[in-house]
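# What the coordinates show
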Amino acid sequence: MPVRDGPTAIKKYANRRLYNTGTSSYVTLEDLADMVKQGEEFTVQDAKSGDDITHTVLTQIIFEQEAKSGQGVLPVSFLREIIGYYGDQMQAMLPGFLENAMKAFSEQQAHMREQMDKALYENPLKREYYRKEEAARRSGLGASSYRTKATADDSDAEEPAVHAVTGDLDDLRNQLRVLQDRIDNL
């Protein structure tokens, strides 16, 4: 794969098709959302005029993600606040503030994940329980279904280990609550 300087150029044609010049293939908004999640930088240009329409396309991706999930990330009150800033004197300050707030949130999230990974992977029992719980969640059972199924299927000899891990998870949940309170206070 050739090394690129800068972001990948995506061209949007009049027929609404998106063309990834890096891979020489047509892509969808879903593909662009995946690129964002993977940290791949790109710009979107109108193929005819050459105008940068990245902002518009990213907003469209957010709109589709909000509609698709059924449970949006952006609360209605937040959306109302943003709409209220259009045409306001503070409109110019809002993008910088939101960018800094999101950066701080991402840093805190990364720190919490690091702490969770460290806590969960120090103890082999915790690691195995977490792995099974995560696998159950991905398969659609959900963590509580796994716990119920695991308790029903486990022999009496394994049951104390499950209870010990559950107790440890309760401790982790309490630690997470404390961390969340700290984040909320920031």
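Residues numbered from 1 in each chain as written. Predicted model: local features only at pLDDT ≥ 70, side-chain atom pairs only at ≥ 80, totals over all residues. Heavy atoms only, no water.

### Some details on the confidence of the model for the chain
Put simply, the test is: A residue's pLDDT is the confidence the predictor assigns to it, expressed on a 0 to 100 scale. Numbering of helices and strands starts at the N terminus; helices are DSSP runs of H or I of at least 4 residues and strands are runs of E of at least 2. Throughout, a residue-residue contact means that at least one pair of heavy atoms, one from each residue, lies within 4.5 Å.
Put simply, the chain has an average pLDDT of 80, and 76% of its residues get 70 or more. Of all helices and strands in the chain, the one with the weakest mean pLDDT is helix α6 (residues 143–153) (46), whereas strand β4 (residues 42–46) scores best (96). Confidence drops under pLDDT 50 across residues 143–158; counting only partners more than four residues distant or on other chains, this segment forms 9 contacts.

### Focus on the nonpolar core
Soluble globular proteins tend to pack their nonpolar side chains together in the buried interior. To keep things clear, this is the line we draw: To qualify as a nonpolar core, a set must consist of buried Ala, Val, Leu, Ile, Met, Phe, Trp, Tyr and Cys residues joined through side-chain atoms within 4.5 Å. Each residue's exposure class comes from its accessible area (1.4 Å probe, protein chains only) as a fraction of the maximum for that residue type: buried when under 20%, exposed when over 50%, partly exposed otherwise.
Listed in full, the 12 residues of the largest apolar core are Ile10, Leu18, Val27, Leu29, Leu32, Ala33, Met35, Phe42, Val44, Ile53, Val57 and Ile61. Contributing elements (two or more residues each) for this core: α1 (29–37), β4 and α2 (54–69). Per element, the largest residue contribution to this core is 4 residues, and it comes from α1. Ile61 has contacts with Leu29, Leu32 and Ala33, leaving out every residue within four places of it along the chain.

### Description of the side chain of Lys12
With respect to the secondary-structure elements, Lys12 resides in strand β1 (residues 8–12). Each residue touching Lys12, except ones within four places of it in the same chain, is listed here: Arg17, Leu18, Val44, Gln45, Asp46, Ala47, Ile53, Val57 and Gln60.

### Examining the pairing of β1
The criterion, for reference: Here, strands pair whenever DSSP counts at least two bridges between them.
Within β1, 4 of the 5 residues are buried, which leaves it mostly tucked inside the rest of the structure. Pairing of β1 with β4, which is carried by 5 bridges, proceeds in the parallel orientation. Directly across from Lys11, in β4, lies its bridge partner Gln45. Two strands pair when backbone bridges link them, and β1 and strand β2 (residues 18–20) are joined in this way by 3 bridges, in the antiparallel orientation. Residue pairing across strands places Lys12 opposite Leu18, the latter belonging to β2. Between β1 and β2, which follow one another and run antiparallel, lie 5 residues, and Arg16 among them has a positive phi close to 75°.

### What about unusual backbone geometry?
Phi is positive for Arg16, which is not a glycine, with a value near 75°. Looking at the element boundaries, Arg16 is found in the loop between β1 and β2. The class of Arg16 is exposed, set by a relative accessible area of 70%. The phi angle at Ser24 is positive, at roughly 55°, despite the residue not being glycine.

### A look at α1
This is how it is decided: The arc refers to the directions leading from the helix axis to the C-beta atoms.
Restricting attention to buried positions, one finds in α1 the residues Leu29, Leu32, Ala33 and Met35. For α1, the arc enclosing every buried residue in end-on projection is 160°, short of the 170-degree limit, so these residues lie on one face. Among the residues trailing α1, Gly39 stands out with phi positive, at a value near 80°.

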